[in-house]
Amino acid sequence: MWLLLSPTALEAPFLRGEPFAFLGRRGLRGEGFVYLETGVGKVNAALTLAAWAGRNPVEKALLFGIAGAYPGSSLLPGDVVLVGEEVEADLGTQEGLKPLGFPALEVAGKAYYNRFPLDSSLTRALARVLDLQVVVGLTRDRVSENPGEAEALASRWGAQVESMEGAAFARACLALGIPGVEVRAISNPAGVRDKGAWRIPLAVRSLEGTLAPILGGAFPAGLQG
Ligand SMILES: O=C(O)c1cccc(C(=O)CC[C@H]2O[C@@H](n3cnc4c(=O)[nH]cnc43)[C@H](O)[C@@H]2O)c1
């Protein structure tokens, strides 16, 4: 059974199931999945996952939604990617958390500062089955507000896509021992605020097409809901 999460219900209009409310937001119980709307931003994403997992067993979790593409990534609106590693870029100093000397998380003797891997075997399996590229995601509670800022972040951290939740989800999955994967559809060039350049309906249609195999229960053994 998948736990599916997206920041807003607008990114999940294609999901069908029995509605319920969780933490005041939308939930759905569907065939082979439970879906939760988390709200936008890092705290909402981590809080929703942790609160749900504290009350319900979670076998595997998938965060999906729209994202910005960094300059130089060659990703275009409508493209769908898996995120293999997330960077929490607004934690600590401009150079990250390490200069402060405190890891954000320690699991099984490994210290994590600003970079958090998603589940590598589930990500690899999904990349193969869905034929998706695996990229590095960068997360901040604030969006890039101009192309220069976006370019600087991308090159400082080696990231291709920008969101406001990915690293919080990856970090919470690591802390809670939940295999987690992240799928993002590009809706805009990161750092471009002119909504004329945004393609949200196209990105949501791409998400639907990509996630359809999960919803139909048509995944090969090991990936099924
Ligand atoms: O008004 C703006 O300038 C603006 C810029 C970027 C994103 C927004 C949003 O309201 C979207 C937030 C929502 O969508 C994800 N998202 C989509 N594109 C981006 C992006 O370029 N940078 C960061 N987040 C993005 C994000 O994960 C949120 O869930 C408004």
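Fair warning: this is a prediction, and the values are worked out from it, not measured in the lab.

Draft legend 1. Geometry of the site of the ligand. As a matter of local geometry, the ligand sits amid 17 residues, with Glu 162, Glu 165, Asn 188, Arg 193 and Lys 195 nearest to it. Note that an oxygen atom of the ligand is positioned 2.6 Å from one of the side-chain N or O atoms of Glu 165. Between the ligand and Asn 188, the relevant distance is 2.8 Å, taken from a nitrogen atom to a side-chain nitrogen or oxygen of the residue. The protein chains hide 84% of the 550 Å² of surface that the ligand would expose on its own. Listed by contribution, the elements that provide at least two residues to the shell around the ligand are strand E5 (60-69), strand E11 (161-163) and strand E12 (180-189).

Draft legend 2. The packing of aromatic side chains, seen in detail. All chains considered together, the criterion is met by five aromatic pairs. With 6.1 Å between their ring centres and 40 degrees between their planes, Phe 14 and Phe 64 make a pair best called tilted. Of the two residues, Phe 14 sits in the loop between strand E1 (2-6) and strand E2 (18-22) while Phe 64 sits in strand E5, which places them 50 residues apart along the sequence. With a relative accessible area of 0%, Phe 64 lands in the buried category. An aromatic cluster is present here, built from Phe 14, Tyr 35 and Phe 64 joined pairwise through their rings. Above the ring of Phe 20, the side-chain terminus of Arg 29 is found at 4.4 Å from the ring centroid. Sitting over the face of the ring of Trp 198, Lys 195 holds its NZ or CZ atom 4.5 Å from the ring centroid.

Draft legend 3. Focus on the nonpolar core. Among the nonpolar cores identified, the biggest contains 31 residues, and Leu 3, Trp 52, Val 161 and Phe 169 are the most heavily contacted of them. Among the secondary structure elements, those contributing two or more residues to this core are E1, E2, strand E4 (33-37), helix H1 (42-55), E5, strand E6 (80-88) and helix H4 (166-176). Broken down by element, this core gets its largest block of residues, six residues, from H4. Apart from the residues lying within four places of it in its own chain, the contact partners of Phe 169 are Leu 5, Leu 49, Ala 61, Leu 62, Leu 63, Leu 118, Gly 180 and Val 181. In this structure, Leu 4, Leu 130, Val 183 and Leu 207 belong to the second largest nonpolar core, which totals 25 residues.

The rules we used
Residues numbered from 1 in each chain as written. Predicted model: local features only at pLDDT ≥ 70, side-chain atom pairs only at ≥ 80, totals over all residues. Heavy atoms only, no water. Near = heavy atom within 4 Å. Polar contact = N/O pair within 3.5 Å; in protein donor to acceptor, adjacent residues only side chain to side chain. Areas by Shrake-Rupley, 256 points an atom, 1.4 Å probe, with all protein chains shown as cover. Helix = DSSP H or I, 4+ residues; strand = E, 2+ residues; numbered from the N terminus. Phe/Tyr/Trp six-rings, centres within 6.5 Å; stacked < 30°, edge-to-face > 60°. Buried < 20%, exposed > 50% of the residue type's maximum accessible area, 1.4 Å probe, protein only. Lys NZ or Arg CZ within 6 Å of the ring centre and 35° of its normal. Core = buried A, V, L, I, M, F, W, Y, C linked by side-chain atoms within 4.5 Å. Contact = heavy atoms within 4.5 Å.

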